[in-house]
Amino acid sequence: MARLFVSDLHLDAERPQATEQFLEFLSRHAAQAEALYILGDLFEAWIGDDDPEGEKARVCIALRELTSGGVPCFILHGNRDFLLSEGFCERTGSSLLPDPVVVELAGDRVLLTHGDALCVDDHAYQELRSAVRSREWQRRFLSLPVAVRAQLAERARAGSRAHTARAVPYIMDVNADAVAAAFRATQVRRIIHGHTHRPAVHELEVDGQPVQRIVLGAWYEQGSYLHYEDGRYELRELPRRRAERAAG
Ligand code: MN
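A brief look at the structure comes next. (Residues numbered from 1 in each chain as written. Predicted model: local features only at pLDDT ≥ 70, side-chain atom pairs only at ≥ 80, totals over all residues. Heavy atoms only, no water.)

**Some remarks on helix H4 (residues 123-132)**
Within the span of H4, buried status applies to Tyr125, Gln126, Arg129 and Val132. One face of H4 carries all of its buried residues, which in axial projection span an arc of 135°. Projecting away from the buried face of H4 at angles above 90 degrees are the exposed residues His123 and Glu127. Those residues of H4 that are buried are in contact with helix H5 (135-142) and helix H6 (146-166). (Buried < 20%, exposed > 50% of the residue type's maximum accessible area, 1.4 Å probe, protein only. Helix = DSSP H or I, 4+ residues; strand = E, 2+ residues; numbered from the N terminus. Arc of directions from axis to C-beta. Contact = heavy atoms within 4.5 Å.)

Structural data, given as structure tokens:
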């Protein structure tokens, strides 16, 4: 049976066709799988486990159906949904993994990470990252009313869009030294990550050893997942139907 990996779905009420496609992916593909791994940014924003938004609730119910059906779902924080916590895990039956994490997949040791921590050339983002990942920042943010949190999240997204538009492309990609350091520190031969929205399989060499970096794709224009079965990894695309695209 296959293990499936997705990331960067950025599900949001403004893009209902991506949510529909993910729900279809869960029932059609993930339901037959051995396990589902979500490597961050399942949601465009997550303002706390008490987020009452309806589209997110639908996704949570679908994940709960998946896990109740016997398919374990593992999830990592992305840079958009790093506030996913125990409440989300209880609602969905999924398990939150630390980022980064080394997992053993049918004998293959693999490093899973969202990928933003590897983009060390983006200094402004890395500063923001350490600020919002602090316990104190999160405690203060989560103590605000839901409506205020939603407003702040909207402002943060606008700021992030402006930053991405200004930044030179290489800054938004992983740093080669950071990648090599991650391979050395964990002694794995394979890293799977998302975040950069540049799906690809990179064959590399670290200290004379062949290693592989697999990058998952985003779900803005179409669906995308990594299929692992019988020792083979394969990036697969899920085309989005024309009518749905036009409706979006
Ligand atoms: Mn991301």
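**Some points on the sheet that holds strand E11 (residues 232-238)**
What the 6 strands build is an open sheet, ordered E4-E3-E2-E1-E10-E11; its pairing is mixed. The open sheet has two edge strands, strand E4 (95-96) and E11, and neither has a second partner. Of the strand pairs in this sheet, strand E1 (residues 3-6) and strand E10 (residues 223-229) are connected by 3 bridges, and their pairing is antiparallel. Pairing of Arg3 across the sheet is with Tyr228, part of E10. (Pairing = 2+ DSSP bridges.)

**Focus: the state of the cysteines**
Here the structure, examined in full by the defined rule, presents 0 disulfides. The thiol sulfur of Cys73 is not disulfide-bonded, and the nearest other cysteine sulfur, from Cys89, lies at 8.9 Å. (Disulfide = S-S within 2.5 Å.)

**Things to note about the environment of Leu11**
As for its placement among the helices and strands, Leu11 is situated in the loop between E1 and helix H1 (16-28). A relative accessible area of 2% places Leu11 in the buried class. Considered as a pair, Leu11 and Phe22 are 11 residues apart in the sequence and their alpha carbons are 8.7 Å apart.

**Here's the deal with unusual backbone geometry**
Cis geometry is found at the peptide bond from Asp99 to Pro100, where omega equals 5°. One non-glycine residue, Asp8, adopts positive backbone phi at about 55°. Positionally, Asp8 belongs in the loop between E1 and H1. A positive phi angle, near 55°, is found at Asp41, a position not held by glycine. With respect to the helices, strands and loops of the structure, Asp41 is situated in the loop between strand E2 (35-38) and helix H2 (54-68). Residue classification places Asp41 among the buried residues on the basis of a relative accessible area of 1%.

**What about the environment of Asn79?**
Here Asn79 is to be found in the loop between strand E3 (73-75) and helix H3 (86-92). Along the primary structure Asn79 and Glu154 are separated by 75 residues, whereas in three dimensions their C-alpha atoms are 14 Å apart. Not counting residues up to four positions away in its chain, the partners in contact with Asn79 are Asp41, His114, Asp116, Tyr125, Arg133 and His195. Reaching out from Asn79, the side chain makes a polar contact with the side chain of His195 at a distance of 3.0 Å. (Polar contact = N/O pair within 3.5 Å; in protein donor to acceptor, adjacent residues only side chain to side chain.)

**Things to note about the side chain of Thr196**
Within the secondary structure layout, Thr196 lies in the loop between strand E7 (190-193) and strand E8 (200-206). Residues in contact with Thr196, not counting those within four places in the same chain, are Cys119, Met172, Asp173, Val174 and Val215.

Read these as layout, nothing more, since geometry by itself doesn't imply function.
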